[in-house]
Amino acid sequence: MRAWLMRSYEGTEKLELTEVPDPQPGQGEALLRTRFAALNPADAFLARAMYPANPPLPHVLGRDGVGEVVAIGPGVDSVRPGDIVGVLRCDVGVATWGTLAEKTVAPAASLARVPEGWALEEMAGAPLAFLTAWQALTQWSDPAAPPPAGTVLLITGASGGVGIAALFLGKSMGLTVAVLSRSKEKGARLKEMGADLVFDPAMPELRKAVLTALSPKRIDLAVDNIGGSLFNEVIAMLGYAGRVSVVGRSAGPVPEFNTASLFFRRNRVGGVAVSDFSPAAAQAAWKEIVSRLKAMGKRPVIDHVFSFAEVKQAFARLAQGPLGKVVVQVGS
Ligand SMILES: NC(=O)c1ccc[n+]([C@@H]2O[C@H](COP(=O)([O-])OP(=O)(O)OC[C@H]3O[C@@H](n4cnc5c(N)ncnc54)[C@H](OP(=O)(O)O)[C@@H]3O)[C@@H](O)[C@H]2O)c1
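Because the structure is a prediction, the values reported are computed rather than measured. (Residues numbered from 1 in each chain as written. Predicted model: local features only at pLDDT ≥ 70, side-chain atom pairs only at ≥ 80, totals over all residues.)

Some words on the overall build of the protein
A tally of helices and strands in the protein yields nine helices and 16 strands. Relative to its length of 332 residues, the protein is compact, with a C-alpha radius of gyration of 20 Å against a globular reference of 20 Å. For the protein, the spread of C-alpha atoms along the three principal axes comes to 60 × 40 × 35 Å. The burial tally for the protein puts 46% of its 332 residues in the buried class. Look at the contacts in the protein between residues 6 or more apart in sequence, and 68% of them connect residues 24 or more apart. (Helix = DSSP H or I, 4+ residues; strand = E, 2+ residues; numbered from the N terminus. Rg over C-alpha atoms; globule rule 2.2 N^0.38 Å. Buried ≥ 20, exposed ≤ 12 C-beta atoms within 10 Å, placed from the backbone. Contact = placed C-beta atoms within 7 Å.)

Section: the pairing of strand 3 (residues 29-38)
A regular strand places its side chains so that they alternate between the two faces of the sheet. Burial analysis of strand 3 places nine of its ten residues in the buried class, which makes it a mostly covered element. Here strand 3 runs beside strand 7 (residues 103-107); their pairing, made up of five bridges, is antiparallel. Each bridged residue has a counterpart across the sheet, and for alanine 30 the counterpart in strand 7 is alanine 106. Pairing of strand 3 with strand 5 (residues 64-72) involves eight bridges; the strand directions are antiparallel. Directly across from alanine 37, in strand 5, lies its bridge partner glycine 65. As defined by bridge partners, strand 3 adjoins strand 16 (residues 325-329) across three bridges and the pair is classed as antiparallel. The residue of strand 16 that forms the bridge with alanine 37 is valine 328. (Pairing = 2+ DSSP bridges.)

A word on helix 4 (residues 161-172)
Here helix 4 contains twelve residues, and its C-alpha end-to-end distance of 17 Å stays within 8% of the 16 Å for a straight helix at 1.5 Å per residue. Of all twelve residues in helix 4, eleven are buried; the element is thus mostly enclosed. Of all the residues in helix 4, the buried ones are Gly161, Val162, Gly163, Ile164, Ala165, Ala166, Leu167, Phe168, Leu169, Gly170 and Ser172. (Expected span 1.5 Å × (residues − 1).)

Considering the sheet that holds strand 1 (residues 2-6)
On the basis of which strands lie adjacent, the open sheet formed by three strands has the order 2-1-4 and antiparallel pairing. Two strands bound the open sheet, and with one partner strand each, they are strand 2 (16-19) and strand 4 (59-60). By the bridge criterion, two bridges tie strand 1 to strand 4 in an arrangement that is antiparallel. Residue pairing in the sheet places methionine 6 in a bridge with histidine 59 of strand 4.

Quick look at the site of the ligand
Around the ligand lies a shell of 29 residues, among which Gly157, Gly160, Ser181, Gly248 and Gly321 are the nearest. Among the secondary structure elements, those contributing two or more residues to the shell around the ligand are helix 1 (41-47), helix 3 (127-138) and helix 4. Among the residues forming the shell around the ligand, the class breakdown is 13 nonpolar, 13 polar and three charged. Counting contributing residues per domain, the shell around the ligand is built from domain 1 (2-126 + 300-329) and domain 2 (129-274), each supplying no fewer than three. (Near = placed C-beta within 6 Å. Nonpolar A, V, L, I, M, F, W, Y, C, P; charged D, E, K, R; others polar. Domains from an automatic or database assignment.)

Quick word on the environment of proline 81
Residue position: proline 81 is located in the loop between strand 5 and strand 6 (84-87). Accessibility expressed as a C-beta count within 10 Å gives 11 for proline 81, which makes it exposed. On a C-alpha basis, the gap between proline 81 and leucine 32 in space is 8.8 Å, while along the polypeptide they are 49 residues apart. When neighbours within four sequence positions are excluded, proline 81 is seen to be in contact with Val69, Val70, Ala71 and Ile72.

Overview of the sheet that holds strand 9 (residues 152-155)
Taken together, the six strands give an open sheet; going across it, the order is 11-10-9-12-13-14, and neighbouring strands pair in parallel fashion. Among the strands making up the open sheet, the edge pair consists of strand 11 (197-199) and strand 14 (268-271). Neighbour-to-neighbour, the strand axes of this sheet turn through a mean angle of 20°, independent of strand direction. As defined by bridge partners, strand 10 (residues 176-180) adjoins strand 11 across three bridges and the pair is classed as parallel. The residue of strand 11 that forms the bridge with valine 179 is valine 198. Where helix 6 (residues 206-214) meets the sheet, its contacts fall on strand 9, strand 10 and strand 11, and the angle it forms with strand 11 comes to roughly 170°. (Axes fitted to C-alpha atoms, helices over the stretch in contact; angles between N-to-C directions.)

Re the nonpolar core
Leu131, Ala133, Ile155, Ala166, Leu167 and Val328 are the most contacted members of the largest nonpolar core, which totals 99 residues. The dominant element in this core, judged by the number of residues it contributes, is helix 3, at eight residues. Counting contributing residues per domain, this core is built from domain 1 (2-126 + 300-329) and domain 2 (129-274), each supplying no fewer than three. Among residues more than four places away in sequence, those in contact with alanine 166 are Ala133, Ala136, Leu137, Ile155 and Val223. (Core = buried A, V, L, I, M, F, W, Y, C linked by C-beta atoms within 7 Å.)

Examining the domain arrangement of the protein
Domains assigned within the protein are domain 1 (2-126 + 300-329) and domain 2 (129-274). Domain 1 puts twelve residues into the contact, and the matching count from domain 2 is twelve residues. Here the residues of the side of domain 1 that touches domain 2 are counted per class, giving six nonpolar, four polar and two charged.

Observations regarding the packing of helix 3 against helix 4
Two packed helices can be described by the angle between their axes and the distance between those axes. Where helix 3 contacts helix 4, the two axes come as close as 8 Å, and the packing angle between them is 55°. Classed by the angle they form, the pair helix 3 and helix 4 counts as oblique. Of the two possible hands of crossing, helix 3 and helix 4 adopt the one that is right-handed. The segment helix 3 lies against helix 4, with Ala129, Phe130, Thr132, Ala133, Trp134, Ala136 and Leu137 engaging Gly161, Val162, Ala165, Ala166, Leu169 and Gly170. Here the residues of the contact of helix 3 with helix 4 are counted per class, giving ten nonpolar, three polar and no charged. (Parallel < 35°, antiparallel > 145°, perpendicular 65-115°, else oblique. Left-handed = near helix turned anticlockwise from the far one by under 90°.)

Written out as structure tokens, the structure is:
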């Protein structure tokens, strides 16, 4: 089979499209003929050794994908050859070879059928982003549960995979959703997709503009995909007992953070780790996600589908800031 091999930790620019032996499914695993793979910033971070996982080289990136089951290993009865399935968050693309290859081995417990009416590329792009957004929204109660309707949600980096997922899920929960995007065009699209308020994070007096629009409310929950200097602005817009689910760091580290900014309104900051989902928890959350999207008449948003030869261009698009998911067609 052909696969995009990562032979060093020098970034996705160094990936090489090469012929390699087909993988074989082991106990509890299925072999997929990959149809679509979807990219995540984590792939690019991993390729630069900026991710907790450091798999042995050579490695194949790609945590999201969809394909046809072509063989199953011992002990698999949940899928059979001919099924078209997507991969829910698991070790694929992290500890084991990923979906940027013509064939992918995945644990059968982490496979899910394509929801009715969805295109294959939509299934390929959805799981990691939606599971992350689900955790970001529900992690503040124990057991995890959606925030109450009427909660004011702020999403930074809202045009990305996780941002749009958080927007759709937030609206499905009856939340008021304010989003930030650096792009006027993407901001307008986010409004069409259901955002109640849209702001440019670079606008002068962002805090004042957001709080004036929300007055007398403030932000109850923020999903922060960006980090960097925007993080302090997010904290400053929180209301009493406001929370921040820290998802990403697209803008890098927070340059200066004063812990006192958390004191007076008893604000809380909590990390999100999509890798925390067990296969069973991912399946349960995925079922809930699919049923909410169905009830809203929404499907995952695809920014662009690149050909298998164009994987480097696809990573360049991801770095630019897409609107939705960047997908690669691996096979037909
Ligand atoms: N903790 C976890 O388990 C977990 C899981 C998934 C993802 N993540 C992380 O969450 C973040 C978002 O993931 P994603 O898949 O949504 O990424 P994405 O699809 O690349 O989208 C991120 C969005 O953030 C904005 N952005 C990108 N770079 C920026 C910068 N330097 N400054 C300000 N805004 C910037 C862009 O929106 P605009 O152009 O519209 O502003 C972009 O569309 C990434 O850092 C990713 O690694 C974490």
